[in-house]
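Per-entry structural report
Residues per chain are reported as follows:
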Amino acid sequence: YGHIQMIQGRADDAIDAMNRARALDPLSDLINANLGWFYYLARRYPEALAWSQRLVDLDRTFVAARYNLAMTYEQMGRYSEALAAFQEASALDPANLPVKALLCHGYASSGDSGRAQQLLLELTPQAGQGSLDPTWIGLIHAALGHKEEAFDWFEKAFQARSETLLYLKVDPKYDSLRADPRFAALVKRLNLQGSGPV
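Bear in mind that the values here come from a model prediction, so they are computed numbers and not experimental data.

Note that S80 resides in helix α6 (residues 79–92). What makes S80 exposed here is its relative accessible area of 58%. Distance in space between the C-alpha atoms of S80 and S113 is 15 Å, their sequence separation being 33 residues.

Moving on, we come to the packing of helix α9 (residues 134–143) against helix α10 (residues 147–159). For any two helices packed against each other, one specifies the inter-axial angle together with the distance between the axes. With their axes 8 Å apart at the nearest point, α9 and α10 run at an angle of 165 degrees to one another. Our classification of the angle between α9 and α10 gives roughly antiparallel. Between α9 and α10 lies a crossing whose hand is left-handed. Residue-level contacts link P134, T135, I137, G138, L139, H141 and A142 of α9 to E149, A150, W153, F154, K156 and A157 of α10. Taken together, the residues of the contact of α9 with α10 break down into eight nonpolar, three polar and two charged.

On to the packing of aromatic side chains, then. Using the criterion set out here, one finds six aromatic pairs in the structure. An angle of 45 degrees between the planes, with centres 5.5 Å apart, marks the rings of F154 and Y174 as tilted. Placement of the pair is F154 in helix α10 and Y174 in the loop between α10 and α11 (181–189), with a sequence separation of 20 residues. Here Y174 falls in the buried class, since its relative accessible area comes to 0%. One aromatic cluster in this structure is built from F151, F154, Y174 and F183. K156 extends its terminal NZ or CZ atom over the ring of W153, reaching a point 4.2 Å from the ring centre. Taking the ring centre of F158 as reference, the NZ or CZ of R189 above it sits at 4.0 Å.

You can see S90 is positioned in helix α6. Classification of S90 as buried rests on a relative accessible area of 12%. Ignoring anything within four residues of it in the chain, the contact list for S90 reads V99 and K100.

Let us now look at the pattern of salt bridges. Counted according to the given criterion, the structure contains 14 salt bridges. The shortest N-O distance in the salt bridge between D13 and R10 comes to 3.4 Å. Among the residues examined, R10 registers a relative accessible area of 29% and is labelled partly exposed. Two residues, E81 and R78, come together in a salt bridge whose shortest N-O distance is 2.7 Å. Judged by relative accessible area, R78 falls into the partly exposed class, the value being 30%. Through salt bridges that share partners, D12, R44 and E47 make up one connected network.

Cut-offs used in this document
- Residues numbered from 1 in each chain as written.
- Predicted model: local features only at pLDDT ≥ 70, side-chain atom pairs only at ≥ 80, totals over all residues.
- Heavy atoms only, no water.
- Helix = DSSP H or I, 4+ residues; strand = E, 2+ residues; numbered from the N terminus.
- Buried < 20%, exposed > 50% of the residue type's maximum accessible area, 1.4 Å probe, protein only.
- Axes fitted to C-alpha atoms, helices over the stretch in contact; angles between N-to-C directions.
- Parallel < 35°, antiparallel > 145°, perpendicular 65-115°, else oblique.
- Left-handed = near helix turned anticlockwise from the far one by under 90°.
- Contact = heavy atoms within 4.5 Å.
- Nonpolar A, V, L, I, M, F, W, Y, C, P; charged D, E, K, R; others polar.
- Phe/Tyr/Trp six-rings, centres within 6.5 Å; stacked < 30°, edge-to-face > 60°.
- Lys NZ or Arg CZ within 6 Å of the ring centre and 35° of its normal.
- Salt bridge = Lys/Arg side-chain N within 4 Å of Asp/Glu carboxyl O.

Written out as structure tokens, the structure is:
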């Protein structure tokens, strides 16, 4: 229920729902990680940072908590800390392609387009073969300033019925695209208009 509310842009309600889930199952890694991610999606960065750091301190091998921490650092402009956390998450789970995509996005956001392009060359065939959600490739292109390529990959994600794409209304990684009419059209095609802000 919390995920449905978050997708609709009802961030405070979503966080309340996730906190209720956590009260019912306080030791669930999934619920605890999702709470940190929801704080990030709601742009409540100090809370996202504090919660994700707490989870990492409790379990140094908790990959989801590490990449939530990294995404929060990235949005706060703390790129060296973001990249370190992304690299640690990737080292803990080297086969995890979304984590590699997040690291690539981190390189792009921080201005290291060389490393981003290099890793993108590795990830793009994975998305083409169906091993990686095409949304991630679109997000990396957006961070590199490649709007045409970003929307091309979002179209592929739409056709593939991507679940990751459903968070475009709230995820800060889409911010550079929000003024583009194609973004509003995609929100409409996904039936996400209404409820909360874009």
